[in-house]
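# Descriptive structure summary
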Amino acid sequence: MGVLEGSGSHRLSHEGRGVTRGKTIKFFFDGKEYTGFEGDSLASALLSHGVHLVGRSFKYHRPRGILTSGSEEPNGLVELRTGSYREPNTRATTIEIFEGLEAYSQNRWPSLFFDVMSVNGLFSPFFVAGFYYKTFMWPSKLWELFYEPIIRRAAGLGRGARSADPDMYARKTVHCDVLVVGSGLSGLSAALSAGRMGARVVLCEKDHLLGGRLLSDSLALEGEGELDVVRKAEEELEGLENVRILRRTTVFGVYDGGMYGAVERVSSHKYESGKGEPREVLWHVVAKRVIVGSGGIERPLVFGDNDRPGVMLAGAARTYISRYGVLPGLRMVLVTNNDDGWSFLKTVQKAGLKVFAVIDTREEELGGEEVQLAHSMGAKVYRGELGRVHGGRGGVKGLEVYKGGVKEFIECDFVAMSGGWDPCVGLCCHHGGKPKWDDGINGFLPPEELPSGMSVVGVANGDFSSEACVRGGHESGEEAARLCGYEGEGGRMICAGRESTSQDYPRSFVGRGGKSFVDFQHDVTHSDIGLAHREGYVSVEHLKRYTTLGMATDQGKLSNVNGLFEMSRLTGKSIRETGTTTFRSPFEPVSIGVLSGSSRGKTFRPYRLPPSHVWAGEQRAEFLEAGMWLRAQWYVQGDEQHWRESVDREVLSVRRGVGICDVSTLGKIEVFGPDAPVFLNKVYANPFLKLGVGKARYGVMLREDGVVMDDGTTARLGEEHFVMTTTTANAGPVMQHLEYCRQVLWRDLDVQVVSVSDTWAQFALAGPRSRELLERLLTEDEDVSNESFPFMAAKEVKLQGGVVARLFRISFSGELAYEIALPSYYGDSFVRYVMELGADLGVIPYGTEALGVMRIEKGHVAGPELNGTTTMGDLGLGGMASKKKDYVGRVMASREGLVDEGRWRVVGVRPVNREARIYAGGHIFEEGVDYVPEHDLGYVTSLCYSPVESCYIGLALVKGGAGRMGSRLLIYDPLHGLRGEEVEVCSPIFYDSEGAIQRG
């Protein structure tokens, strides 16, 4: 046995396919300094120093050591890094060590070696399955005061960071013909054959090295070393331009339409990310075909105290010896119930190590070359039943075995166990398929109904021999490429042999005495399953939730099958009849950070900036989030200190002169086709069939239930060409609604709809001098006089300089006003030009607050009134609804409840005391009643201070609506200290009720 000095007391000098010797890395675990090699995982580096104790279990706080070598690890969960970078519940088996890595054990206090909460183990007879469901129920008043705080403090394992994550995350999308999951023998074979035929291939491997079990096992590859096979395949794949290899990338979910979710760990193996480099990338892989070669997961055996540090899966032990050159123990014992478990002996022999005993729990006589190999190594061979493992937090000290009914003690410091291999079928079941039980392998195979376009190969499909893995992968790759339209052959297959793969003994409960753990992380024992059975929780879904079996971070990858074995034995049913729980994504834990990507903080919902944004910032604009847009709320001028000063000035300046406002955020949808008038006539509640070319009309759109969905104007620019505007918030929903109507309701209509919201910049010019300013903007041959271009007219015009724009004579301010739309890339220069050209006219920019004040003064309803519950009648627009045509929502709008005269309807309100302040949201009551919901008459929907009225005014939804005009009611608003402010109910139109100004 060779040990490499200076790299750990358990480091072998002549093994380690995956590490770079000579490149020593310093890291820290629980504050203690260790060293490892480049390519080590945190688990392998700790094991190289003889460190087995790495964590504590969730419930009993039992000492736990490394159990696996992969992402299914339930014990070795650690916290990485500190402060804002802290990352809990990270598997030590998947962490690549790097210089300066800081890792900490979790779920212990004050230290890992001495954990006060390990006292829970003394109360284990009480902390059985269903403990939480049976306790903390009485007295009920103690739940919030005592029980819940204790449970919340005890919940979870690691600690999350208490401040924002400073790391960056990104999202990417890649389209391909063939997605290959896994780079073992089957995955490499599939990628090679599909890639050689010209298919666009994406190969995802969750490890940083390709090869899968080739990095750990000695396989029959007919004269070629495992690493040579991997190297040649990798070089060829990297030389194919149509193949992309994504290392450190886990495919975690299968979704509709050939979409697959994957996470690439870009810089998780570094002390800090490079400049502009994300920590992780969320890949949306869109593939025509997918080949799953995800391999298998070794099944633990269940026997007394099988959770001791120093008890490990045999396949993991082979990995640590072959790939990392780490000796997991000095006196090793193998426990197995299948042929593959005996492969551990070959790995040990090749490394020049020794196994002191082999226990095969199968009942048949043992023989063959494996037994001869064991004897040649000086190992004792036992057949029969185990007792319990002796040891504690310091590791394993020995193992009991029953030979002929007599207990014998085997002294050892390491136990390798193998219960056979389960195909990794999680991804195959994300569309609801149930895995099928196969008696030949005593395990679950992929469901018969796979997600569309998926094929499964290798161990994941129950093919355990190297030859079967290669052939299945190669043929699947060829077939996938052909189905994607490529011709030819997949080239030469990798040469591989056939190994013995018998695992025909499904029983994994092989011991007696001590606590026998099925779920290592949540401390679910063999007896817990028996208790669940006795109490009637025999359904696998009930078993999972009652015992917490499989609810840990590994999602039952190690525990579920053993749990099903025991429940099937207790119920007398077959495994098929017992069934499985539901498989859901993600297949492995995924950080919330990568799911959100850059969508957090200010970029949680990315801002859209109107064309004049830069200019507005230069004018000291205060900005407001309006839906997805960042809009100018008001503009500060001179020594204005309060926002009301700015808004009042803007309103009065527009009313007396002229102002410009960027309204590009409005939704803009173009409607084309011979049947466009018919289509709009069906979509809008008011008539649009006979709208003339060069005219615009205000329209109201209903939902199918008769409630108002949106309002806006639509202009007819040509016989078959209309331009629709929507509210800013409803631009997307209206577009979806139109497409639904076009594609589903009226498929025979010849009409197309196109969203052009981002294509056109649009500005409102409002005020008595707006026509004067407009004439300066247009060429001399454009006539915009009241006679030639009256209210609600629309046409294309030419601006000075030759730019063609669209001009609409519409007003939501009550003033003479226009809206000009021009290509968005002219937006910034246009507003600058307008301000320069209209300087002598006193043109000013105005923002959304002034816009809102003027629309309230004019009585225009908007978002607060179009709240998803109001009808056209409620909004005072009932007279617009056509009685001569059909349209979306017409029938439902006539329901008795929606035409009741007692409904809440829009009115205007102003305080009787003109000096009083009222607020939006205040509820309205009659005098002399209690302020309770039964007497509630409505509430104030929109409110502003009107510099024209010199008081606060608002729009409100009031029961009875127009029938209460002139009456006085009370506003109750305890949030703002109003407990009965008297208001007058009036017309919602406070400014120019006749409409003469906007038509002048």
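Parameters at a glance
Here the residue numbers are simple positions, counted from 1 along each chain's written sequence. Given that this is a predicted model, residues contribute local features only at a pLDDT of at least 70 and side-chain atom pairs are listed and counted only at 80 or more, while totals for whole chains, interfaces and linings are drawn from all residues. Heavy atoms throughout the structure, all of them, feed into the side-chain values; hydrogens and water do not. Note on aromatic contacts: the rings of Phe and Tyr and the six-membered ring of Trp form a pair at centre separations within 6.5 Å, being stacked when their planes are under 30 degrees apart, edge-to-face when over 60 apart, and tilted otherwise. Burial status follows relative accessibility: with a 1.4 Å probe on protein chains alone, a residue under 20% of its type maximum counts as buried, one over 50% as exposed, and anything between as partly exposed. Note on geometry: a ring has a charge over it if NZ (lysine) or CZ (arginine) is within 6 Å of the ring centre and within 35 degrees of the ring normal. For helices, the axis comes from a line fit to the C-alpha atoms of the stretch in contact; other axes are also lines fit to C-alpha atoms, and the angle between any two N-to-C directions lies between 0 and 180 degrees. Working definition: helices are DSSP H or I runs of at least four residues, strands are E runs of at least two. Numbering for both runs from the N terminus. Note: crossing handedness is left-handed where the near helix turns anticlockwise from the far helix by less than a right angle, and right-handed where it turns clockwise. Residues are treated as being in contact if the distance between any of their heavy atoms lies within 4.5 Å. Each residue gets one of three labels, nonpolar for Ala, Val, Leu, Ile, Met, Phe, Trp, Tyr, Cys and Pro, charged for Asp, Glu, Lys and Arg, and polar for the others, Gly among them. One requirement defines pairing of two strands: DSSP has to find at least two bridges between them.

## Some thoughts on the packing of aromatic side chains
Following the criterion strictly, the structure yields 17 aromatic pairs and no others. Each ring, one from Y684 and one from F688, has its centre 4.4 Å from the other, and the planes form 20 degrees; the classification is stacked. Grouping residues by exposure puts Y684 and F688 together as buried. Aromatic ring contacts, followed pair by pair, group W437, F444 and F565 into a single cluster. Lying across the ring of F356, R331 places its NZ or CZ 3.9 Å from the centre. Over the face of the ring belonging to F113 we find R393, whose NZ or CZ atom lies 4.2 Å from the ring centre.

## What about the packing of helix α4 (residues 185-196) against helix α5 (residues 226-238)?
Look at α4 against α5: their axes get within 10 Å of each other, and the N-to-C directions meet at 30 degrees. The chirality of how α4 crosses α5 is left-handed. On α5, the residues that touch L188, A191, L192 and R196 of α4 are V230, A233, E236 and L237. A class-by-class count of the residues in the contact of α4 with α5 yields 6 nonpolar, no polar and 2 charged.

## Description of the sheet that holds strand β40 (residues 817-823)
To summarise the sheet geometry, strands pair through backbone hydrogen bonds and adopt either a parallel or an antiparallel arrangement. A sheet is described by the order of its strands in space; here 6 strands give the open sequence β38-β39-β40-β37-β31-β41, paired in mixed fashion. Only two strands of the sheet have a single partner each, and these edge strands are β38 (794-798) and β41 (844-845). Against the sheet, helix α19 (residues 770-777) contacts β37 (760-766), β39 (804-808) and β40, and its axis sits at roughly 25 degrees relative to β40. In the packing of helix α20 (residues 827-837) onto the sheet, contacts are made with β31 (659-662), β37, β40 and β41, and the angle to β37 comes to roughly 20 degrees.

## A closer look at the environment of H269
Relative to the helices and strands, H269 resides in the loop between β12 (259-265) and β13 (280-292). Here the alpha-carbon distance between H269 and H208, two residues 61 residues apart in the chain, equals 9.6 Å. With residues up to four places along the chain from it excluded, the contact list for H269 reads E96, F98 and R248.

## A closer look at the sheet that holds strand β21 (residues 406-411)
As summarised here, the arrangement of the 3 strands in space is β19-β20-β21, forming an open sheet in which the pairing is antiparallel. For this open sheet the edge positions go to β19 (385-392) and β21, each flanked by a neighbour on one side alone. With direction set aside, neighbouring strand axes in the sheet form an average angle of 25 degrees. Judged from the 6 bridges that link them, strand β20 (residues 395-403) and β21 form a sheet pairing that is antiparallel. Among the inter-strand pairings, L399 is bridged to a residue of β21, identified as I410.

## Overview of the pairing of β39
Burial within β39 is extensive, with 4 of its 5 residues counted as buried. Pairing of β38 with β39, which is carried by 5 bridges, proceeds in the antiparallel orientation. Residue pairing in the sheet places K795 in a bridge with L807 of β39. In this structure, the hairpin formed by β38 and β39 is closed by a connection of 5 residues, where G801 is found at a positive phi of approximately 100 degrees. Note: β39 against β40, 3 bridges, orientation antiparallel. Bridge pairing in β40 places F808 opposite E819.

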